[in-house]
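# A closer look at the structure
Here are the chains, one letter per residue:
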Amino acid sequence: MKKTILSLVFALATIVAAQAQGPRIGVRAGANLAGFEGNDNDAFKRRWGFHAGLTTSFGIIDNFLTIQPEVLYTQKGAQSEIEMLKLRTSFIEVPVLGRINAGPLYFELGPQVAVRISEKAEWSNQSGSFMLTDDDINSLRRTNIGYAAGVGLTATPLGMSLGVRYTSDFSRAFDTSGNNPNLRNSVFMLTAGFALPTR
């Protein structure tokens, strides 16, 4: 199922790119405020991280509507309310966003695929109420399907932008087998972009 969805996303992006006006390459970086959503979220609070990567955009309707695929390295995770656990995870994310440029404002929305490349859990104490266990950490999903939505300001002639973005997964952060917690990754991003000049 995941492979099918991923294939459809990339096929759609390829078809759109073939019909679109010339691509514009850029870079993106910023801060993450990452955490969990879900039924078992009460025991956790968000933690800071960062994201960075490459972007490209294809004009569909002049500069008003564009398709913007990206490849980002992004840090996620969470920590327990009483700071007994700090969970750090790193992902490669591939969002494919539709973007509307309305003067200096832009709005973006689209699906994304995230592949986990590393994880680290720091325990200061195993006591307390609801906590993740080592088995839970080992059951983290490798691949997640989700979405991204954002709004921001852009200076088109300079190719610079500054915005806020929210990303969340449709799939659970942990395998659904056994008693694994019902949690999903979610991230608030403060992001800055720069599109390289074109001829």
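The numbers attached to residues start from 1 for each chain and follow its sequence in the written order. Per-residue local features are limited, in this predicted model, to residues with pLDDT of at least 70; the limit for side-chain atom pairs, both in listing and counting, is 80 or more; totals at the level of whole chains, interfaces and linings are taken over all residues. Based on all heavy atoms of the structure, the side-chain values leave hydrogens and waters out of the count.

## Considering the nonpolar core
By convention a nonpolar core is built from buried Ala, Val, Leu, Ile, Met, Phe, Trp, Tyr and Cys residues, the set being connected through side-chain atoms within 4.5 Å. Burial classes: relative accessible area under 20% of the type maximum marks a residue as buried, over 50% as exposed, and values in between as partly exposed (1.4 Å probe, protein chains only). Counting 10 residues, the largest nonpolar core consists of F36, A43, F44, A78, L85, L87, L140, A173, F174 and L183. L140 has contacts with T89, R116, E119, A173 and F174, leaving out every residue within four places of it along the chain. Contacts were defined at the residue level, with two residues in contact if any of their heavy atoms lie within 4.5 Å.

## Things to note about the environment of T74
Strands are runs of DSSP state E lasting at least 2 residues, helices are runs of H or I lasting at least 4, and numbering of each runs from the N terminus. Examined against the element boundaries, T74 turns out to sit in strand β4 (residues 65-80). Distance from T74 to N32, taken between C-alpha atoms, is 7.8 Å for residues 42 residues apart in sequence. As used in this structure description, the phrase polar contact means that two N or O atoms lie within 3.5 Å; if the pair is within protein, one of them must be able to donate a hydrogen and the other to accept it, and residues adjacent in sequence are counted only when both atoms belong to side chains. Within polar-contact distance, the side chain of T74 engages the side chain of N32 at 2.6 Å.

## A word on the pairing of strand β8 (residues 160-169)
Most of β8 is tucked away, with seven of its 10 residues classed as buried. Note: two strands are recorded as paired if DSSP finds a minimum of 2 bridges between them. Summarising the sheet, strand β7 (residues 143-155) and β8 pair through 10 bridges and their orientation is antiparallel. Paired with A149 across the bridge in β8 is Y166. Of the strand pairs in this sheet, β8 and strand β9 (residues 184-195) are connected by nine bridges, and their pairing is antiparallel. In the sheet register, L162 faces β9, and the bridge partner there is A192.

## Considering the packing of aromatic side chains
Two rings from Phe, Tyr or Trp (for Trp, the six-membered ring) form a pair when their centres sit within 6.5 Å of each other. Planes less than 30 degrees apart are called stacked, planes more than 60 degrees apart edge-to-face, and all others tilted. All told, the structure shown has six aromatic pairs when counted by the stated rule. Summarising the aromatic geometry, the rings of Y166 and F188 are spaced 4.9 Å apart at their centres and angled 45° between planes, so their arrangement reads as tilted. Placement of Y166 in strand β8 and of F188 in strand β9 is noted, with a sequence separation of 22 residues between them. For F188, a relative accessible area of 41% puts it in the partly exposed group.

Treat this as a map of the structure, not an account of what it does.
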